[in-house]
Amino acid sequence: MSTRTVTTQAELDAALAKRVSTIIIDSPRGVWLTISDSGSATVRASGSATVEAWDSATVRASGSATVRASGSATVRAWDSATVEAWDSATVRASGSA
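Residues numbered from 1 in each chain as written. Predicted model: local features only at pLDDT ≥ 70, side-chain atom pairs only at ≥ 80, totals over all residues. Heavy atoms only, no water.

How should I be thinking about the overall build of the chain in this particular structure?
Looking only at helices and strands, the chain has one helix and 10 strands in total. Sequence-ordered secondary structure for the chain, helices as α and strands as β, is β-α-β-β-β-β-β-β-β-β-β. The principal-axis extents of the C-alpha atoms in the chain amount to approximately 30 × 25 × 25 Å. Classification of the 97 residues of the chain by burial places 33% in the buried group. Taking the contacts inside the chain whose residues are at least 6 apart along the sequence as the reference set, 6% of them involve residues at least 24 apart. Summed over its atoms, the accessible surface of the chain is roughly 4,900 Å², and 46% of this surface lies on carbon and sulfur atoms. (Helix = DSSP H or I, 4+ residues; strand = E, 2+ residues; numbered from the N terminus. Buried < 20%, exposed > 50% of the residue type's maximum accessible area, 1.4 Å probe, protein only. Contact = heavy atoms within 4.5 Å. Areas by Shrake-Rupley, 256 points an atom, 1.4 Å probe, with all protein chains shown as cover.)

Below is the structure:
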C-alpha cells in the first residue's frame, strides 16, 4: 500500500496515474485541486486544502479543508471541514462539519 501527500494539481494527477492507494491533499488555502475520478484510491483533504470533486470522485475531508462536490461525487467530512454539494453528490458529515 502506497501513500503520497500532494500539494499541486500536477502531483495529484501523477499520483492518480500511478494508482497510489492513499492520496493526502495538503494544498495551501485557496489553491484548488480538482479530481473527477479517484479510482480505487483513498483521497483525503486535510489541513486547509481546497478540492473540487465531481463524477465518481470520493474524498474524505477533515481539519479546515473545503470541498465542492457535484455530479455523483461522495464526500465524508468531519472536524471543521466545509462541503458545498449539488446535483447527485452525497455528503456524510459529523462533528462541526
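So what exactly am I meant to see when it comes to the nonpolar core here?
Membership of the largest hydrophobic core comes to 25 residues, with the highest contact counts inside it found for Ile23, Ile25, Ile35, Val59 and Val67. Residue assignment for this core shows that the elements contributing at least two residues are α1 (9-17), β2 (22-25), β3 (32-35), β4 (42-45), β5 (50-53), β6 (58-61), β7 (66-69) and β8 (74-77). (Core = buried A, V, L, I, M, F, W, Y, C linked by side-chain atoms within 4.5 Å.)

Got a minute to help me understand the sheet that holds strand β1 (residues 3-6) in this structure?
Sheet strands line up and pair through hydrogen bonds in the backbone, either parallel or antiparallel. Read from one edge of the open sheet, six strands run β1-β2-β4-β6-β8-β10, paired in parallel fashion. Strands at the two margins of the open sheet, each flanked by one partner only, are β1 and β10 (90-93). Averaged over neighbouring strand pairs, the angle between their axes works out to 20 degrees when direction is ignored. As defined by bridge partners, β1 adjoins β2 across four bridges and the pair is classed as parallel. When the sheet's bridge partners are listed, Thr3 is paired in β2 with Thr22. Lying on the sheet, α1 is in contact with β1 and β2; it crosses β1 at an angle near 160 degrees. (Pairing = 2+ DSSP bridges. Axes fitted to C-alpha atoms, helices over the stretch in contact; angles between N-to-C directions.)

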